[in-house]
Amino acid sequence: MKKDMTRRAFLKGSLAASGLTIAAYVTPLGTKLVNAAMDAGADGFKPSAFYQITPDNIIKVWVPNSEMGQGVKTALPMIIADELEADWDQLEIIQALAGNEFKNPILRNQLTVASASVRGFYGPMRKAGAAGRAVLLEAAAQQWKVPVTQCQAVKGTIVNLKSGAKLTYGQLCLKAAKLPVPQEPKLKKESEFIYMGKAMPRVDIPEKVSGKAVFGLDVDLPDLHYAVLDRPPAYGSKPGSFDAKAAMAVKGVIKAFPTPRGIAVVAKTLDAAMKGKAVLGTKWSPGSHPTMDTASVEASFLKDLDKPGANAVAWGDVKKGLSEAKKTYEATYYVPAISHATMEPQTCTAYVQKDRCDVYVPTQGQTLGHMLATKISGLPPEK
């Protein structure tokens, strides 16, 4: 056994043995496609691993964006599957972790916002899918010793148009992993799409309906402690006093202390933390808007309607039109002030050790979460 195996040789060997991994570097100059097994030793190798085809005929697709009900966990794999000419039932869709390699090309950030998921990854993912199709076609042509034009990709298989023979992507992936990836693969015409533009079943729904989906509050770790916040009752309200001793007298409560967002109670169980919070007896200052409610907000808006406003666009003569109208109608519409709150309870679990920090959090901003974990734990980003 060679004892001086280089990192490049190790990565190439492990990736090649596991199947065909098509990855992409998205740079300001465009998208560079790579066969990960061949480029694993390149300096700074951190491509977005969009998908991998394994010998057991599974296509693993990594989704870099957060699924927040908008269907991104279905939409992005559709792009790859279509250009790859994959069988939808072959796909294993994986939520990508936080990492620079999964930053959105438009936002330069791993952030799910502004309808940028498909806009940012549409081009790179189409190219990655088409490149995989191209190397699989070439691998089949080499195995059959026929021109590549005699081969056709059909729903997860390569068909020999002359003999009718078929090879699955799983059968071809190891051979395809040894081939260079074309940088400008031929993309499908829109008329050839089999998934894009079609109504597809949402992949995230079954687990949510059955209760199998794992949410932020479902995380359970050894010796896990729980924290709850006693929050201010009004904008700008500050705690004047609170009874930390009373809270810590509750069995299971470890500590009670002020934070910028309220009084935190930490305990060994969630029940103990909530009981500790209940006996804090926090006295709060009035705050900047102690009497604000829906009625006061509506009254403020109505008052503001009589003030001069800024013109967004000027078109026609409204005053003249109203004065000359035979009949006019007047109505007042109210839209209530609704909290821009998450559907899932806001929560975060951090497991901090000497050499690493694992954070479990429902988030649409992985890059910011990664930065905060680095800052708070004092560990380098790669840890």
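Fair warning: this is a prediction, and the values are worked out from it, not measured in the lab.

About the cut-offs
- Residues numbered from 1 in each chain as written.
- Predicted model: local features only at pLDDT ≥ 70, side-chain atom pairs only at ≥ 80, totals over all residues.
- Heavy atoms only, no water.
- 1 Å grid on protein atoms, 1.4 Å probe; cavity = no way out; pocket = protein on both sides within 12 Å on 5 of 7 lines; lining within 4 Å.
- Points joined across faces, edges and corners; volume = space filled by probe spheres on them.
- Helix = DSSP H or I, 4+ residues; strand = E, 2+ residues; numbered from the N terminus.
- Core = buried A, V, L, I, M, F, W, Y, C linked by side-chain atoms within 4.5 Å.
- Buried < 20%, exposed > 50% of the residue type's maximum accessible area, 1.4 Å probe, protein only.
- Contact = heavy atoms within 4.5 Å.
- Phe/Tyr/Trp six-rings, centres within 6.5 Å; stacked < 30°, edge-to-face > 60°.

## What to know about the layout of surface pockets
Turning to step 1, where the next piece is worked out: Of the volumes computed, that of the second largest pocket is approximately 290 Å³.
Turning to step 2, where the next piece is worked out: Taken together, Glu85, Arg133, Leu137, Gln152, Ala153, Lys186, Leu187, Lys188, Lys189, Glu192 and Ile194 make up the full set of residues lining the second largest pocket.
Turning to step 3, where the next piece is worked out: At the level of elements, helix H4 (116–144) and strand S6 (151–154) are the ones that each hand at least two residues to the lining of the second largest pocket.

## Section: the nonpolar core
Turning to step 1, where the next piece is worked out: Leu20, Tyr51, Ile53, Ile59, Leu136 and Ile158 are the most contacted members of the largest nonpolar core, which totals 45 residues.
Turning to step 2, where the next piece is worked out: Sorting the residues of this core by element identifies strand S1 (20–27), strand S3 (48–53), strand S4 (59–63), helix H3 (72–84), H4, S6 and helix H5 (169–176) as the ones contributing at least two each.
Turning to step 3, where the next piece is worked out: No other element matches the 10 residues that H4 contributes to this core.
Turning to step 4, where the next piece is worked out: If near-sequence neighbours (up to four positions away) are discounted, Ile158 is found in contact with Leu136, Leu137, Ala140, Trp144, Cys151, Gln152, Ala153, Ala165, Lys166, Leu167, Tyr169 and Leu172.
Turning to step 5, where the next piece is worked out: Core analysis: the second largest hydrophobic core is formed by 12 residues, Val250, Val253, Ala256 and Ala273 among them.

## Examining the packing of aromatic side chains
The description of two aromatic rings rests on the distance between their centres and on the angle between their planes.
Turning to step 1, where the next piece is worked out: In this structure the tally under the stated criterion is two aromatic pairs.
Turning to step 2, where the next piece is worked out: Measuring from centroid to centroid gives 6.1 Å for Phe50 and Phe121, while their planes differ by 85°, and the two rings are edge-to-face. Of the two residues, Phe50 is situated in strand S3 and Phe121 in helix H4; the sequence distance between them amounts to 71 residues. Phe121 shares its class with Phe50; the two are buried.
Turning to step 3, where the next piece is worked out: For the ring pair Trp88 and Tyr195, a centre distance of 5.5 Å and an interplane angle of 50° mean the geometry is tilted. Here the residue Trp88 occupies a position in the loop between H3 and strand S5 (91–95), and Tyr195 occupies one in the loop between H5 and helix H6 (205–210), the gap between them amounting to 107 residues. Here the two residues Trp88 and Tyr195 agree in accessibility, since each one is buried.

The values reported here are purely geometric and, on their own, carry no functional implication.
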